[in-house]
Amino acid sequence: MAERIGVYVCHCGSNIAGIIDVEEVARWAGGNLQDVVVAKDYKFMCSSSGQQMIEEDIKNHQLTRVVVAACSPQLHERTFRRACKNAGLNPYLFQMANIREHISWVTTDKKAATEKAKSLVAAAVRRVRLHRPLEPLPVEVNPRTLVVGGGIAGIQAALELADAGYPVILLEREPSIGGHMAQFDKTFPTLDCSACILTPRMSEAGQHPNITLLTYSELEEVSGSVGHFKVKIRKRARYVREDRCTGCGICVEKCPTKVRDDVFEAGLGVRKSIYIPFAQAVPRIPVLDTEHCIYFTRGKCQICGKFCPTDAIDYDQKDQILEYEVGNIILATGWKMFDCTRIPQYGYGRLPNVFTAMEFERMCNAAGPTGGKIVLRDGKTEPRRVAIIHCVGSRDVNYNEYCSGICCMAALKYGHLVLEKTNAEVYSFYIDMRTNQKGYEEFYQRLLEEGMKFIRGKVAEVTNADRSEEEKGRLVVQVEDTLTGRQRRIPVDMVILMGALEPQEDAMDLARKVGISCSSAGWFTERHPKLDPVATMTDGVFVAGCCQGPKDIPASVAQGAAAAARVAGLISRRTVWIEPVVASIDESKCSGCRICNNLCPFNAIEYDEQEGVSRVITALCKGCGTCIAACPAKAIAGNHFADDQILAELEGALWDASPEALLATFGKKEEQLELKVLNV
Amino acid sequence: MVHAAIRGETSFLNEVIEETPHGERLLHCIQCGSCGGSCPNGPDMDYSPRAIFGMIQAGERERVLSANTQWMCVSCYYCTTRCPQQIPITDILYTLKRMSVRAGLAKGTDAPALAKSFVHYVDNYGRAFELGLATRFYLLNKPLAMVKMGPLGLKMLAHGRMSFLPTRIKNLKQLQAIIQKARELGEKS
């Protein structure tokens, strides 16, 4: 029996109709394509009246297949599948031709655009004719969620889910949760004490009955898919037994070593070889750093073990691999600071009184290495003049093209702290002042009032080569003051570099592990930049906080909560329906060669020793097609991407590729050559 | 290719871009001033390169081509290496030098005359000849000022820093062919 196909061409306002002659495409499809019984163009197919039109036509014209030529299937495939379903047609008997992103948005040539639209419609019509009805596959959602990263975004996400009654694993690679926010002294623009607002959340997360806290641990491996991921976690040896340790800190006190703390104190302070990174750490269980421990490096000492009142030190502890099944994963892995030594003209690492923003944060913190005093590298001299340099490694195509977003506000906060704690003058060297969130511009106004000085110009260099008596023994900031157009040299005692926020070193590795993508800079890519900012292209994997791009604390908290809400929604549905676009193996053709077993990137093929054949585990298969292409016996077929469907689609796309067809369409031979789009 | 931002205009901006390799980066200038701040001659310039770029965008042809900025440039390339937008600043200043000479606006500077004398020796000997360069430049341009340079010249001669006679490089013909080709290409653009 012949199929009865309906073709609908969308104008998308002028998005499509401005370039493509949509009426002509619809007329042509109705007159020339086999089995097409209805062909219409319409202003907005995705509107409710557009959907209704499809539903009514299915009923009135007994349509058996539907093609919509409109935008990307990413946007509206679901909409039109639903319309088909409402009218009693299996939703997989539908096909979408993308004539917006693939045509009208990428060319200004109206003639070529209309001809390509015909090709894509012809391809969709030939393909849909061979579509087979499919049913989505149900997958149970494991209510447990893995949150990777224990900064403020991850803590927020974990607490939201735990408070909703769902179990959470909160994973953190450092010895304590808290992230960068735990290092800060104050937060802009309200100047709340960072620790005072963060630590209650940390201890709540640490004690919550629904949260399993795994610190000093990292994600090793992920398999499975939404609803039932299997994760392997490496719990690194602390050499301290968590079940016995009371957090009394005697081991730390007695340890005879001193090590520069490059992580929490940003290199400005020291810690012991066995240490708790900061007073409010959660959990309050020390970690032994074997690289610097005297016992581990020289074989003798064990003072910590001797003094421990609960016998909690275990020098033989090994890394553990823990395995869990989780329904969803939230990535909240944060950021790292730009390495300021990469810009040699700013002198970091060479000129002692040039500091990074993180060093300055620790210096301002009352619990930090200087007890909250703003002093030069000698540890005692108060500066008379401080320079704050913006955009160090940001807004610079030689390093990072993007604006880090938070540094202007952080610089204002530093300006306030210097003015509050010292008698020094403060200069800010900025390119553009960016203070575009609630209360931020007001904070800028406040600093103008407090007397912070602003020079509009990107600093050329920081030098100790003096040219005058006034410059002797000081640092000189050389800059063009772009508001006066003059070059200035300003002698200062301390320079603070507002380094860029960069993705974590291993962000790309993590993205690969969980199967999501990154921007070229290394930030995780969200599903849609505006309408789906915390989901990713992989179902069941969400992102929150700075791992998705630089952002401030309120935005990180909002994303943490948003990601948790999305996960809670999936959990409360209990079952998710996944696309039936999976591979299946015809066991009568399978020779049991096992080539597909190792090629499958999702470990979704198992081998049945007894029968000597391979089988696809449907719930794990993502329908990527690797096995289908590799099978030497052609025993594997892919639902919805079967060979006959793909070949029919190609034939449709190339309907006009014969010389006669080209001549009929475009007339003279010479003109054909210019139509690169169609002649490729 | 004409950039969309300057489409349909035969503007000063367009001319500068067309005459400079990667000149279109000029459109990316964010007026940060890292060029003017870095320039060792910055304090002596009428306008910093940043300000010049602003004027080019505003179409102030006369003011730009009469400025001393391009003649103050010593080609140290500090500005170019530090520019956060990878604008070929030094090269743009060379473009402005050429345009300034062509427009007859290079006044109050010895640089074009000095450059001509310099090129004369490179054309004929394949390398610079200091004694000849100074003599030729001063005789043609400001003979009276030559007297002042006398003591310095003698000192250089005494220390073997300057020779009496010019030396020709080997295979001068080959260099001349290269220079000839460069000139042809230059005229074409």
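Residues numbered from 1 in each chain as written. Chains lettered and ligands numbered in written order. Predicted model: local features only at pLDDT ≥ 70, side-chain atom pairs only at ≥ 80, totals over all residues. Heavy atoms only, no water.

Attention now moves to the overall build of chain B. Within chain B, the regular secondary structure consists of 11 helices and zero strands. The N-to-C order of helical and strand elements in chain B reads α-α-α-α-α-α-α-α-α-α-α. Overall, the C-alpha framework of chain B stretches about 55 × 40 × 30 Å when taken along its three principal axes. Looking at chain B as a whole, 38% of its 189 residues qualify as buried. Within chain B, contacts between residues at least 6 apart in sequence are counted, and of these 60% link residues at least 24 apart. Of the roughly 11200 Å² of accessible surface on chain B, 58% is carried by carbon and sulfur atoms. Within chain B, one finds 23 positive and 15 negative side-chain charges whose respective centroids are separated by 9 Å. (Helix = DSSP H or I, 4+ residues; strand = E, 2+ residues; numbered from the N terminus. Buried < 20%, exposed > 50% of the residue type's maximum accessible area, 1.4 Å probe, protein only. Contact = heavy atoms within 4.5 Å. Areas by Shrake-Rupley, 256 points an atom, 1.4 Å probe, with all protein chains shown as cover. Lys, Arg positive; Asp, Glu negative; His and termini not counted. Charge placed at Lys NZ, Arg CZ, Asp CG, Glu CD.)

Our focus in this paragraph is the interface of chain A and chain B. Chain A puts 17 residues into the contact, and the matching count from chain B is 20 residues. Taken together, both faces of the contact between chain A and chain B bury some 1400 Å²; the carbon and sulfur share is 42%. The tally of links from chain A across to chain B stands at two salt bridges. In this structure, the connection of chain A to chain B is made through 15 residue pairs in polar contact (both at pLDDT 80 or more). Per-element tally for the side of chain A that touches chain B: the top contributor is strand 25 (residues 475-481) of chain A, with three residues. Each residue belonging to the side of chain A that touches chain B can be placed in one class, and the counts come to four nonpolar, seven polar and six charged. (Buried area = accessible area lost by both parts, 1.4 Å probe. Salt bridge = Lys/Arg side-chain N within 4 Å of Asp/Glu carboxyl O. Polar contact = N/O pair within 3.5 Å; in protein donor to acceptor, adjacent residues only side chain to side chain. Nonpolar A, V, L, I, M, F, W, Y, C, P; charged D, E, K, R; others polar.)

Residues and elements named next belong to chain A. Under the defined criterion, the tally for this structure stands at 51 salt bridges over all chains. Among the ionic pairs, D432 bridges to R395, the shortest N-O distance being 3.0 Å. With a gap of 37 residues between them, D432 in the loop between strand 22 (425-430) and helix 13 (440-450) and R395 in the loop between strand 21 (385-392) and helix 12 (407-421) connect regions that are remote in the sequence. Of the residues examined, R395 reaches a relative accessible area of 11% and is grouped as buried. Residues R512 and D509 are paired through a salt bridge, measuring 3.5 Å at the closest nitrogen-oxygen approach.

All names here are of chain A. Summarising the element assignment, I103 is placed in helix 4 (residues 100-104). A residue is classified by how much of its surface remains accessible, and I103, at 1% relative accessible area, is buried. Linking I103 and T114, residues 11 residues apart in sequence, is a C-alpha distance of 8.7 Å. The contacts of I103, once residues within four sequence positions are left out, are I20, N98, A113, K116, A117 and L120.

We describe a pair of aromatic rings using the distance from one ring centre to the other and the angle between the two ring planes. All names here are of chain A. Under the criterion given, the structure shown has 17 aromatic pairs over all chains. Measuring from centroid to centroid gives 5.6 Å for F338 and Y399, while their planes differ by 75°, and the two rings are edge-to-face. With F338 in the loop between strand 19 (335-337) and strand 20 (354-356) and Y399 in the loop between strand 21 and helix 12, this pair connects stretches of sequence that are 61 residues apart. The exposure class of F338 is buried, given its relative accessible area of 2%. Taken together, the ring pairs connect Y239, Y295, F296 and Y315 into an aromatic cluster. (Phe/Tyr/Trp six-rings, centres within 6.5 Å; stacked < 30°, edge-to-face > 60°.)

Our focus in this paragraph is the sheet that holds strand 4 (residues 94-98) of chain A. Residues and elements named next belong to chain A. If you walk across this open sheet you meet the four strands as 2-1-3-4, and the pairing is parallel. Two strands in the sheet have a free side with no partner beyond their single neighbour: strand 2 (36-42) and strand 4. Put simply, the sheet's adjacent strands are angled 15° from each other on average, direction ignored. Helix-sheet contacts for helix 2 (residues 48-60) involve strand 1 (5-10), strand 2 and strand 3 (65-70), and the interaxial angle to strand 2 is about 165°. Along the sheet face, helix 3 (residues 73-86) touches strand 3 and strand 4 and points at about 150° away from the line of strand 4. (Pairing = 2+ DSSP bridges. Axes fitted to C-alpha atoms, helices over the stretch in contact; angles between N-to-C directions.)

Moving on: the nonpolar core. All names here are of chain A. Judged by nonpolar contacts, the single largest core of 57 residues is most densely connected at L161, I211, I274, I313 and I330. Elements supplying a minimum of two residues to this core: helix 6 (152-163), strand 7 (168-171), helix 7 (194-207), helix 8 (250-254), helix 15 (553-573) and strand 30 (575-578). The element contributing the most residues to this core is helix 6, with eight residues. Each of two domains, domain 2 (141-218 + 325-334 + 504-577) and domain 3 (237-318), supplies a minimum of three residues to this core. When sequence neighbours within four positions are dropped, the list of residues in contact with L161 reads T145, Y166, V168, I330, A564, V567, A568 and I571. (Core = buried A, V, L, I, M, F, W, Y, C linked by side-chain atoms within 4.5 Å. Domains from an automatic or database assignment.)

Domain annotation for chain B reports domain 1 (4-102) and domain 2 (111-185). Inter-centroid distance (C-alpha atoms) of domain 1 of chain B to domain 2 of chain B is 28 Å.

Time to look at the packing of helix 12 of chain A against helix 13 of chain A. All names here are of chain A. Interhelical geometry of helix 12 versus helix 13 gives an angle of 35° and a closest axis separation of 10 Å. As for the relative orientation of helix 12 and helix 13, their crossing is left-handed in sense. Taking contact as the criterion, the partners of M409, L412, K413, G415, H416 and L419 in helix 12 are, on helix 13, Y440, F443, Y444, R446, L447 and E450. Of the residues assigned to the contact of helix 12 with helix 13, the class counts are seven nonpolar, two polar and three charged. (Left-handed = near helix turned anticlockwise from the far one by under 90°.)

Once that is clear, we can look at the side chain of K235 of chain A. Here K235 of chain A is to be found in strand 12 (residues 229-235). Non-local contacts of K235 of chain A, meaning those with residues more than four positions away in its chain, are made with L214, Y216, S217, E242, D319, Q320 and L322 of chain A.

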